[in-house]
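# Notes for the structure review
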Amino acid sequence: MRIGNAYKVAVDCVGPTGTLNVRTTKGLKFARQCIAGYTTLTVDNYPQKAPKTHQLTVQAPPGAKWAILIARLP
């Protein structure tokens, strides 16, 4: 993904009890219980910089169904 300093992350996880862990190469880390449902996180470190490529790593419990949407903010 190519994002700058301002973006929104939407996460949903359903299925077995456990934690969904999300990390990016730029230091964003968060954990969410799969039973907690849908959530969003906004990252807005200004001033805005040119978009760069980031790697996203997701770890989910076995059998969990999950989705992540990342959107760059204007």
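What comes next is a walk through the structure. Just so it is clear, the model here is predicted, and its values are computed rather than measured. Along every chain, residues carry numbers that run from 1 in the direction the sequence is written. With pLDDT at 70 or above as the cut-off, local features in this predicted model cover only qualifying residues; side-chain atom pairs require 80 or more to be listed or tallied, and sums for whole chains, interfaces and linings still use all residues. As a rule here, side-chain values cover all heavy atoms of the structure and leave hydrogens and water aside.

Attention now goes to the overall build of the protein chain. Here a helix means four or more residues in a row that DSSP labels H or I, a strand means two or more in a row labelled E, and each is numbered from the N terminus. A count of helices and strands for the protein chain gives 0 helices and 8 strands. Across the protein chain, helices and strands are ordered from the amino to the carboxyl terminus as β-β-β-β-β-β-β-β. Residue burial in the protein chain is summarised as follows: out of 74 residues, 27% are buried. Note on definitions: a residue-residue contact is assigned when non-hydrogen atoms from the two residues lie within 4.5 Å. Residue pairs at least 24 apart in sequence account for 74% of intrachain contacts in the protein chain once pairs closer than 6 positions are excluded. The Shrake-Rupley method, run with a 1.4 Å probe, gives the accessible areas here. Residue values count only the displayed protein chains as cover. Carbon and sulfur atoms make up 53% of the accessible area of the protein chain, which totals about 4800 Å². Buried means the residue's accessible area, taken with a 1.4 Å probe over protein chains only, is under 20% of the maximum for its type, while exposed means over 50%, and partly exposed covers the values in between.

Let us now look at the sheet that holds strand 3 (residues 19–24). One open sheet holds the 3 strands; their spatial order is 4-3-7, and the pairing between them is antiparallel. Here the strands that pair on one side only, and so sit at the sheet edges, are strand 4 (29–33) and strand 7 (56–59). Neighbour-to-neighbour, the strand axes of this sheet turn through a mean angle of 15°, independent of strand direction. Across 4 bridges, the pairing between strand 3 and strand 7 is antiparallel. Two strands are counted as paired when DSSP detects at least two bridges linking them. Fitted lines through C-alpha atoms serve as axes, helices being fitted only where they are in contact, and the angles separating the N-to-C directions of these axes extend from 0 to 180 degrees.

Attention now goes to the nonpolar core. In plain words, nonpolar cores are sets of buried Ala, Val, Leu, Ile, Met, Phe, Trp, Tyr and Cys residues tied together by side-chain atoms within 4.5 Å. Counting 11 residues, the largest nonpolar core consists of Tyr 7, Val 9, Val 11, Cys 13, Leu 20, Val 22, Leu 28, Phe 30, Cys 34, Val 43 and Ala 64. Those elements that place two or more of their residues in this core are strand 2 (6–14) and strand 3. The leading source of residues in this core is strand 2, at 4 residues. Leave out the neighbours within four places in its chain, and Val 43 touches Asn 5, Ala 6, Tyr 7, Leu 28 and Leu 73.

Here we take up the state of the cysteines. In protein structure, a disulfide is the covalent linkage between the sulfur atoms of two cysteines. Note on terminology: pairs of cysteine sulfur atoms within 2.5 Å are recorded as disulfides. Tallied over the full model, the rule gives 1 disulfide. What pairs with Cys 13 in a disulfide is Cys 34, and their sulfur atoms sit 2.0 Å apart. Residues Cys 13 and Cys 34 are joined through a disulfide that is right-handed, its torsion about the S-S bond being 55°. Of this pair, Cys 13 sits in strand 2 while Cys 34 sits in the loop between strand 4 and strand 5 (39–44); the two residues are 21 residues apart in sequence, bridging distant segments of the chain. Pair check on accessibility: Cys 13 and Cys 34 agree, each one buried.

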